[in-house]
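Working through the structure, step by step
Next come the chains, spelled out residue by residue.
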Amino acid sequence: MSKQPIQQLYSARCGQRFTIVKIEPLALKALLGEMGIQAGKNVQVLHRAPWNGPMAIQCEGITISLRKEDTIGVEVIQYNPG
Amino acid sequence: MKSSIKIALAGKPNSGKSSLFNLLTGLRQKVGNFTGVTVDRASGLLKGQTDLPIQMIDLPGTYSLYPRSADEQVTFDILTEKNHPDHPEKVVVVADATNLRNCLLLCTQLIDLGLPVVLAVNMMDLLPGMNLSLNLPLLSEKLGIPVVGLSARKNSGIQELKQTMTASIPLSVVSFLSNSIYSEVSSQKPPYVYGEFLKKLQTDLHTSDIQISDKADLLKIKDLLHRYETIDELLKTVVQSTLVNPAEKRNWADRILLHPIGGYAIFLLMLLFIFQAIFSWASIPMYWIEWGMGNVNSVLNENIAESWGRSLLINGVLAGVTGIIIFIPQIAFLFLFMAVLEESGYMARVVFLMDRLMRPFGMNGRSVIPLIGGMACAIPSIMGARTIADRRERLVTILVTPLMSCSARIPVYTLLISMVIPPTPIFGFFQLQGLVMMGLYLLGFFMALLSALVLKSRIRKGERSIFLVELPAYRFPEFRNISLTLWHKCKAFVWEAGRVILVISMILWGMVNFGPQDEFNKIEEHYSQLRQLDSADIEQLNRMEASDKLKESWAGKLGAKIEPMVKPLGFDWKIGIGLITSFAAREVFVGTMATLYAAEEDGSSETLRERMLQDTFSDTGKKVYTPATGISLILFYAFAMQCMSTLAITRRETGSWKWPVVMIIYMSLLAYLAALIPQLIVA
């Protein structure tokens, strides 16, 4: 895999697709793990509520909504098919 | 029913679990509480089962056996504790065919627990539309358990499920455990017991020792990821997909409904529509109820000889019952809409849209649902706050919900507004009375937000919790589910609020009709003399006698006691009594006033209104109902905690007397201060 710059899911724009690199802290990792969302999976940011409200992301066929600041520890890289 | 077999339905939220439960049990279900916790426990006998009764239990929805909320903890306890009274003999895991991956997590955990499991793959009918197909026999083979495909909506596959789950179910020989994880937490030798592992982790996760809880978290993550790895491997062969983009259709709807501007506009329109329904449509069945109860009243009046027993029956019991069922239409309408929104998947979007707006007030997006519900009745709404995982956010929501203008305030507002607010047209289109009514709703809402702001800083924050809501696929609501939900909600209201209202209504009757005997005798003597006079207007004398008796009754004496307290607000002893009787339910105020002013209750509110307006203070001779006093009273009703049932339910939901006490203190203070303002302005 070519070196991609690591970004935070926190600042991602709507419609963008990413691959998860790392999820922190442990509590979030466990919570997302329950949904089957973990490092290596692809996510797409679908919606963002205004004024820094929650974001809706899609991963592995489900859509979940998370508060923006809870996703500070989620590191992603640009999705690269193939 | 100790001899019956128990089969539990488990599954993640939105998997159609309750839908299947309704189909399997029909109307033969009971909704109560699980022992010791206030989580709804729905159970019922399996339909069409003659030889051996089978009890179905609908377990609260959960993603896994790693509970996060009170609901999920119940599911965990029932499934892992062999001695739990609800521990089932068999478990049916309900899965969503369109999203099998998440549903299999719980399934593998239950298999490892060593329970006989059947996997019911629901919503099979949706697969062709999504270009998906599932190889269920292969899935069954890989999991080592029976798998049944069905559609609760289309009522297909149900018979097969019944046959499978009533037959004996072999335990799976497949294991989804990773032994390496397991040996880290327990010193036991293989074979390992997954239930013990989970319980140990559960205790460790909630210890204050960060090292222990972090280690438990790591093990939990390992366990989860190992399971998903296995599931993903397994699904590769089971799911055949010719799918390009599975969520294309949903995105289209969400693009509109979650639009940063349009989404809010649609939500607002929906609220207006619901209001319209509650206020104008519900008035039709309410009129029927009034008419029907009026008839019952006159039938009883005519057929029973005058006695205190009749009086208790009519003015105590019947008045109480009417006071309860008159609200059913409004409450039913509101909960009908909420059930439809919930079933369709839209409610999760409301939570998403509103979270940011509610957070500054110490609440979260989920708080919107109880707050809207509070406009019908605070009681079921406070119960609805259970879905809020965060301790502080839940408490704040519960504490401010009674400030929303519930339907019991409407009769009081209507009477008082008609007395002190002139029907002046505004802009030729609106009318002042109507605007004041609407203003009171907004006032309640803004005061709820303001109070939340203050309460937020006073309540200790619990364990940090992450706000995570799944936005489920939109589904057309099923009539069966909606009607059953509605039925249970209305029943809960009638039962929870009804019994309190009924008891207080009867106590009130006693206080109003009895007093010190010698004083009552004196009054009776006085009036029997007056009746002898030629010019006597008997009806008028009867009314005056009733009114005088009331003044001397226990209720009247109590009113006199509290008059000094409410005097600064411009209230007299009659209003004082009304405030006390309102504790049964706020609308009892109107009936109390009718008794106090000896006006006929049946519809002639005109007389009551006029008599109230002409009333004067006995010492100063000034009018009681000046505009300022009227407004004070309206404001008092807007904010005061005058509902025993709400306090009782708050006690039950929070598990302590502390919060109902906080509720009554802060709301009383608020009401008193607000009612003082108009008086100060006039003075």
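How each quantity is defined
Each residue is numbered by its place in its chain's sequence as written, counting from 1. Chains and ligands are labelled by the order in which they are written, letters from A for the one and numbers from 1 for the other. Note on the predicted model: pLDDT of at least 70 is required for a residue's local features to be given, and 80 or more for side-chain atom pairs to be given and counted; whole-chain, interface and lining totals, by contrast, use all residues. Hydrogens are left out, water is left out, and the side-chain values use all remaining heavy atoms of the structure. Exposure classes here rest on a 1.4 Å probe applied to the protein chains alone. A residue is buried below 20% of its type maximum, exposed above 50%, and partly exposed in between. Only DSSP runs of H or I reaching four residues or more are called helices, and only runs of E reaching two or more are called strands; each is numbered from the N terminus. Throughout, a contact is declared for two residues whenever any of their heavy atoms are within 4.5 Å. Any N or O atom pair separated by 3.5 Å or less is treated as a polar contact, with the protein-specific requirement of one donor-capable and one acceptor-capable atom, and with residues adjacent in sequence counted only for side-chain atom pairs. Patches in this entry comprise residues that are over 30% relatively accessible and not in a salt bridge; like charges within 9 Å are linked, as are nonpolar side chains (Val, Leu, Ile, Met, Phe, Trp, Tyr) within 5 Å. Computed with the Shrake-Rupley method and a 1.4 Å probe, the accessible areas treat only the protein chains shown as cover for residues. Each reported salt bridge corresponds to a side-chain nitrogen of Lys or Arg within 4 Å of a carboxyl oxygen of Asp or Glu. Here the rule is simple: two strands pair whenever DSSP picks up at least two bridges between them. The axes used here are C-alpha line fits, helices contributing only the stretch in contact, and every angle between their N-to-C directions lies in the interval 0 to 180 degrees. What pLDDT conveys is the predictor's confidence in a given residue, as a value from 0 to 100.

**Let's talk about helix α1 (residues 17-25) of chain B**
All names here are of chain B. With 8 of 9 residues buried, α1 lies mostly within the body of the structure. Buried residues of α1: Lys-17, Ser-19, Leu-20, Phe-21, Asn-22, Leu-23, Leu-24 and Thr-25, and no others. Just beyond α1, the residue with positive phi is Gly-26, at close to 60°.

**Observations concerning the environment of Glu-478 of chain B**
Residue and element names in this part refer to chain B. Position of Glu-478 among the secondary structure elements: in the loop between β12 (468-470) and α20 (479-513). The class of Glu-478 is buried, set by a relative accessible area of 12%. When the C-alpha positions of Glu-478 and Met-612 are compared, they lie 50 Å apart, and in sequence the two are 134 residues distant. Dropping the residues within four chain positions of it, Glu-478 is found in contact with Ser-19, Ala-152, Arg-153 and Glu-343. Here Ser-19 takes part through its side chain, which lies 3.1 Å from a polar atom of the side chain of Glu-478.

**Considerations on unusual backbone geometry**
A cis amide bond, omega -5°, links Glu-24 of chain A with the succeeding residue Pro-25 of chain A. Among the secondary structure elements, Pro-25 of chain A is positioned in the loop between β2 (17-23) and α1 (26-34). For Asn-14 of chain B, which is not glycine, the phi torsion reads 70° and is therefore positive. Backbone geometry places Asn-155 of chain B, a non-glycine residue, at a positive phi of 55°. By the element assignment, Asn-155 of chain B lies in the loop between β8 (147-149) and α5 (158-166). Judged by its relative accessible area of 47%, Asn-155 of chain B is partly exposed.

**Some details on a nonpolar patch on the surface**
Residues and elements named next belong to chain B. A surface patch of nonpolar side chains, about 820 Å² in accessible area, is lined by Phe-427, Phe-429, Phe-430, Leu-435, Met-438, Leu-442 and Phe-446. Examining the composition of the nonpolar patch, we find that 4 residues originate from one element, helix α19 (residues 432-458), more than from any other. As for its placement among the helices and strands, Leu-442 is situated in helix α19.

**Looking at the sheet that holds strand β1 (residues 7-8) of chain A**
The sheet built from 7 strands is open, its strands ordered β1(A)-β6(A)-β2(A)-β3(A)-β4(A)-β5(A)-β12(B) with antiparallel pairing. Every interior strand has two partners, whereas the edge strands, β1 of chain A together with β12 of chain B, have only one. Summarising the sheet, β2 of chain A and strand β6 (residues 74-78) of chain A pair through 5 bridges and their orientation is antiparallel. Across the sheet, the residue bridging to Ile-20 of chain A is Val-76 of chain A, located in β6 of chain A. Its contacts with the sheet place helix α14 (residues 346-358) of chain B against β3 (42-48), β4 (55-59) and β5 (62-66) of chain A together with β12 of chain B, and it is angled at close to 150° to β12 of chain B.

**A word on the pairing of β5 of chain A**
Of all 5 residues that make up β5 of chain A, 5 are buried, and the element is covered over most of its length. Hairpin connection, β4 of chain A to β5 of chain A: the antiparallel pair is bridged by 2 residues, and Glu-60 of chain A has positive phi, about 50°. The sheet contact formed by β5 of chain A and β12 of chain B spans 3 bridges and is antiparallel. Counted as the bridge partner of Leu-66 of chain A is Leu-468 of chain B from β12 of chain B.

**So, the confidence of the model for chain B**
Per-residue pLDDT for chain B has a mean of 84; in total, 93% of the residues score no lower than 70. Ignoring residues within four places in sequence, the model shows residues 600-604 of chain B, a span with pLDDT below 50, making 4 contacts including any to other chains.

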